[in-house]
Amino acid sequence: MKFLLKKEEMFSFMLPEFLVERRGDRCIKCRVCERQCGFGVHSYDEMSNTMRADEMKCVGCQRCAVMCPTKALIIRPHPSDYRPNANWTREKIQDLKKQAESGGVILTGSGCDKPYRIYWDHIVLNAAQVTNPAIDPLREPMELRTFLGRKHDKLEFSFDGGEVELVTELYPNVQIETPILFSAMSYGAISYNAFKSLAMAASEYGTLFNTGEGGLPKELRKFGKNAVVQCASGRFGVDPEYFNVAAIVEIKIGQGAKPGIGGHLPGEKVTKPISETRMIPEGTDALSPAPQHDIYSIEDLSTLIYALKEATNYEKPVSVKIATVHNVAAIASGIARAGADIIAIDGIRGGTGAAPKIIRDNVGIPIELAIASVDERLRREGIRNKVSLIAAGGFRNSADIVKAIALGADAVYIGTPALIAMGCTLCQKCHTGICNWGICTQDPQLSKRLNPEIASKRLVNLLKAWSNEIKEMLGAMGINAIESLRGNREMLRGVGLQEWELEVLGIKGAGE
Ligand code: SF4
Ligand code: SF4
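First, a word on what this report is: a plain description of the structure on this page. On a predicted model such as this, the values are computed, not experimentally measured, just so you know.

## Observations concerning the site of ligand 1
Turning to step 1, where the next piece is worked out: Near ligand 1 there are 13 residues, and of these C27, C30, R31, C33 and C68 occur at the shortest range.
Turning to step 2, where the next piece is worked out: A per-class count over the shell around ligand 1 returns nine nonpolar, one polar and three charged.

Structure representation (structure tokens):
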């Protein structure tokens, strides 16, 4: 055993994040935990016939606790702590020590976990009582069908001998059976099995998944009519067929978890199938520049929007995705005027496969405020019908979605809930390439843990459950179509919010 360090060696001053408790009366030394942990926490010591744990390696993903056949393991936050200090919290001290030891930017995965106000928890919904009847969704039809794309200012009809015909040529719109889409998650950031599970579930339920910026593998192009395909700054996997098999083409300008930041998929994760899908050499870093190098103005954006419309024969709606930053409403107005059919806005709590922690936790604004201000601005300018608005970043249940639609969104993207449905425990280690649940990894041993047949079933169940809950809430409000809820802020009231917050949200306080 080594007790003395050489001069140049640095001993880590970090405290372990998690405590690994193994109940001796239950452990049968089967070594399942050892095999399940990609981080190498558990090991078996033959000499003493005991199981050991290296707590410094534990990330709290709970895979071992779930898979242990005798439920002998308890993984919980480590009780060792620094002297309580409101200014210097444990996280701040640990991050600083980590940087003193590594000299690097701290990377992380998942979404921002900081306690910024979650407005969903300060907004309550209305219900019909006496003067307007509630509707029972189990007995009466309830419409969640949503159409994404530009809508006309007016429709023209011809009347010929009693025959009525629509003269206006309709803009391309995409029909989905529920206002819930799966967020952009690229093949490369997530495993093939996770990517395929999302595609299968979207196809089965009649909604859309989003390829992210990593392309769409050839053998999955059969799911194209349920795909939103991204054209991002790295242009990975982009070819005419990619655009033409899709339902919607999306230009990615920004992402809620890392506004203003590009992406980096390290070369070791660029395996043969990923290199083929992204159209880059195997083993090379996939670098997405922070800006789109051909977009420096709204006019440039318009050029790309129309280039994509040309490439798809004006048959696909073109979406533009941005992160919610301070002047999001003005930017959205410019995007609508530039010719986009859909605007996707991604809030500060949006997830990521990898981002600098300092950016993830400090840049951007909450999606609730962004939806309200974008919808209000587009209405005020008389151009709300020119775009559909998809909100992303921070939806945790169906009530959040109902509130988002009442604030003005047409539909929502869900990323983190989809990952949790597949098994994710929000350990925030997606950037390491080790995901014990087989979701955010390219390690074949880990990714085969995720069975697409089972994972897609879990995703479909989630969509079904949330859609049924949305119908329940609509029925309680006396509304029988999601269309009637859109931008209907009378259905919302704020609780415990300040005057300026109510004003931005465009809602009254409870009791008013
Ligand atoms: S999986 Fe459970 S029972 Fe098996 S060795 Fe680990 S702690 Fe013991
Ligand atoms: S996807 Fe995997 S690595 Fe990422 S937070 Fe979830 S469990 Fe952790």
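Back to the text.
## Quick look at the site of ligand 2
Turning to step 1, where the next piece is worked out: Around ligand 2, a shell composed of S110, C424, T425, L426, C427, Q428, K429, C430, C435, W437 and C440 is seen.
Turning to step 2, where the next piece is worked out: Here the shell around ligand 2 is built from residues that sort into seven nonpolar, three polar and one charged.

## A word on a nonpolar patch on the surface
Turning to step 1, where the next piece is worked out: Residues L155, F157, F159, V164, L166 and L170 make up a contiguous nonpolar surface patch of roughly 610 Å² in combined accessible area.
Turning to step 2, where the next piece is worked out: Those elements that provide at least two residues to the nonpolar patch are β8 (157–160) and β9 (163–166).
Turning to step 3, where the next piece is worked out: Tracing the backbone shows L155 in the loop between β7 (146–148) and β8.

## Quick word on the sheet that holds strand β23 (residues 508–509)
Turning to step 1, where the next piece is worked out: Judged by pairing direction, the sheet is mixed, and its three strands sit side by side in the order β6-β22-β23 without closing on themselves. The open sheet has two free edges, formed respectively by β6 (123–125) and β23, since each of these has just one partner strand.
Turning to step 2, where the next piece is worked out: Sheet topology note: the β6/strand β22 (residues 492–494) ladder contains three bridges and is antiparallel. Looking across to β22, one finds that V124 is bridged to R493.

## With respect to the packing of aromatic side chains
When we look at a pair of aromatic rings, we describe it by the centre distance and by the angle of the planes.
Turning to step 1, where the next piece is worked out: Enumeration over the complete set of coordinates arrives at five aromatic pairs.
Turning to step 2, where the next piece is worked out: For the ring pair Y187 and F195, a centre distance of 6.1 Å and an interplane angle of 45° mean the geometry is tilted.
Turning to step 3, where the next piece is worked out: Under the relative-accessibility criterion, Y187 is labelled buried at 4%.
Turning to step 4, where the next piece is worked out: Residue F195 is classed as buried on the basis of its relative accessible area, which comes to 0%.
Turning to step 5, where the next piece is worked out: The interplanar angle of 90° and the centroid separation of 5.8 Å between the aromatic rings of F195 and F209 together place this pair among those described as edge-to-face. Separated by 14 residues along the polypeptide, F195 in helix α4 (residues 192–205) and F209 in strand β12 (residues 209–210) bring together distant segments of the chain.
Turning to step 6, where the next piece is worked out: Classification of F209 by relative accessible area gives buried; the value is 1%.
Turning to step 7, where the next piece is worked out: The rings of Y187, Y192, F195 and F209 are connected pair by pair, giving a single aromatic cluster.
Turning to step 8, where the next piece is worked out: The aromatic ring of W437 is capped on one face by R63, whose charged end is 4.7 Å from the ring centroid.

Conventions adopted
- Residues numbered from 1 in each chain as written.
- Chains lettered and ligands numbered in written order.
- Predicted model: local features only at pLDDT ≥ 70, side-chain atom pairs only at ≥ 80, totals over all residues.
- Heavy atoms only, no water.
- Near = heavy atom within 4 Å.
- Nonpolar A, V, L, I, M, F, W, Y, C, P; charged D, E, K, R; others polar.
- Patch = residues over 30% accessible without salt bridge, like charges linked within 9 Å, V, L, I, M, F, W, Y side chains within 5 Å.
- Areas by Shrake-Rupley, 256 points an atom, 1.4 Å probe, with all protein chains shown as cover.
- Salt bridge = Lys/Arg side-chain N within 4 Å of Asp/Glu carboxyl O.
- Helix = DSSP H or I, 4+ residues; strand = E, 2+ residues; numbered from the N terminus.
- Pairing = 2+ DSSP bridges.
- Phe/Tyr/Trp six-rings, centres within 6.5 Å; stacked < 30°, edge-to-face > 60°.
- Buried < 20%, exposed > 50% of the residue type's maximum accessible area, 1.4 Å probe, protein only.
- Lys NZ or Arg CZ within 6 Å of the ring centre and 35° of its normal.

So, to be careful, I would describe these as geometric facts and stop short of saying anything about function.
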